[in-house]
Amino acid sequence: MAGKVVDLHAHRFGPPPGGDALPDPVSAIEQHLLGTLLSKPSLLEELPSGFGPRHFLDPDHGALFEAIKSAAAATAASGGGAYIAPLVRAALPHLDGTDDEGRPTSYVAELLGAMVGTLPGMARGYAERIAEAADRRGLLAVADAIRRDAAPVAGEPRALAAVASEAMSGIERIMAGQDAGKPAVPLSQAVAGAIEAGRLA
């Protein structure tokens, strides 16, 4: 059974052989962050406040992030210094599998390989990029809701005030999840971002 795979060559140098699409850059950043944290879990303390599984595009990556946090806490409670990768791998066995020749594969091991060549100081930057991408996906969802909710219902146009109120609520939820250590995005800028995201979608 095939497990989850990191195509390190594709992420670093371009599309995989026979493919014509570049890998999703957000997924690649997620993989590098997870590999870095697996190698040095103490970097969890340097990530932006409020950063968590919900920010990951890939649900498996969100689950891995949570497993890394749990494994790091468990090893710290027992005196620290333990290698957390086996604990993380055991927590998510469905990510492992076998390759075309029947050899076992480990997604966690491949993620550790993905961090080769990255600097530990890049972990916070990776997390910020991932969170920004999550916020943009949220703004796109708000923009979609604006288009949907502004459509006439039974031939009658929706009240603009109601549409705007619902949109503002969605934007405020996105803003509430931002890093408390960074300046908040002005509400007007967030609204403009939602409108622009909808225009470009």
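Residues numbered from 1 in each chain as written. Predicted model: local features only at pLDDT ≥ 70, side-chain atom pairs only at ≥ 80, totals over all residues. Heavy atoms only, no water.

A. Molecular detail of the overall build of the protein. Scanning the protein from N- to C-terminus turns up 8 helices and 2 strands. Shown N-terminal to C-terminal, the secondary structure of the protein runs as helices and strands in the order α-α-α-α-β-β-α-α-α-α. Counting over 201 residues, the protein shows a buried share of 38%. When contacts within the protein are restricted to residue pairs at least 6 apart in sequence, those whose partners lie at least 24 apart make up 67%. Accessible area of the protein: about 11200 Å², with a carbon and sulfur share of 61%. (Helix = DSSP H or I, 4+ residues; strand = E, 2+ residues; numbered from the N terminus. Buried < 20%, exposed > 50% of the residue type's maximum accessible area, 1.4 Å probe, protein only. Contact = heavy atoms within 4.5 Å. Areas by Shrake-Rupley, 256 points an atom, 1.4 Å probe, with all protein chains shown as cover.)

B. Region of the structure containing the nonpolar core. With 30 residues, the main nonpolar core has L33, L47, F51, L64 and V88 as its most contacted residues. At the level of secondary structure, the elements contributing two or more residues to this core comprise α2 (25-39), α3 (59-77), α4 (85-91), α5 (107-114) and α6 (123-150). Considering each element in turn, this core owes the most residues, 6 residues, to α3. (Core = buried A, V, L, I, M, F, W, Y, C linked by side-chain atoms within 4.5 Å.)

C. The packing of aromatic side chains, seen in detail. Inspection of the entire model under this criterion finds 3 aromatic pairs. Relative to F65, the ring of F51 lies with its centre 5.3 Å away and its plane at 90°, an arrangement referred to as edge-to-face. A residue pair is termed long-range when its members are at least 10 positions apart, and F51 in the loop between α2 and α3 and F65 in helix α3 qualify at 14 residues. Seen from their ring centres, F56 and F65 are 5.5 Å apart, and the 40° between their planes marks the pair as tilted. Just as F56 is buried, F65 falls in that class too. Site record: aromatic cluster; members linked through ring pairs are F51, F56 and F65. (Phe/Tyr/Trp six-rings, centres within 6.5 Å; stacked < 30°, edge-to-face > 60°.)

Honestly, that's just the spatial picture; any functional story needs more than this.
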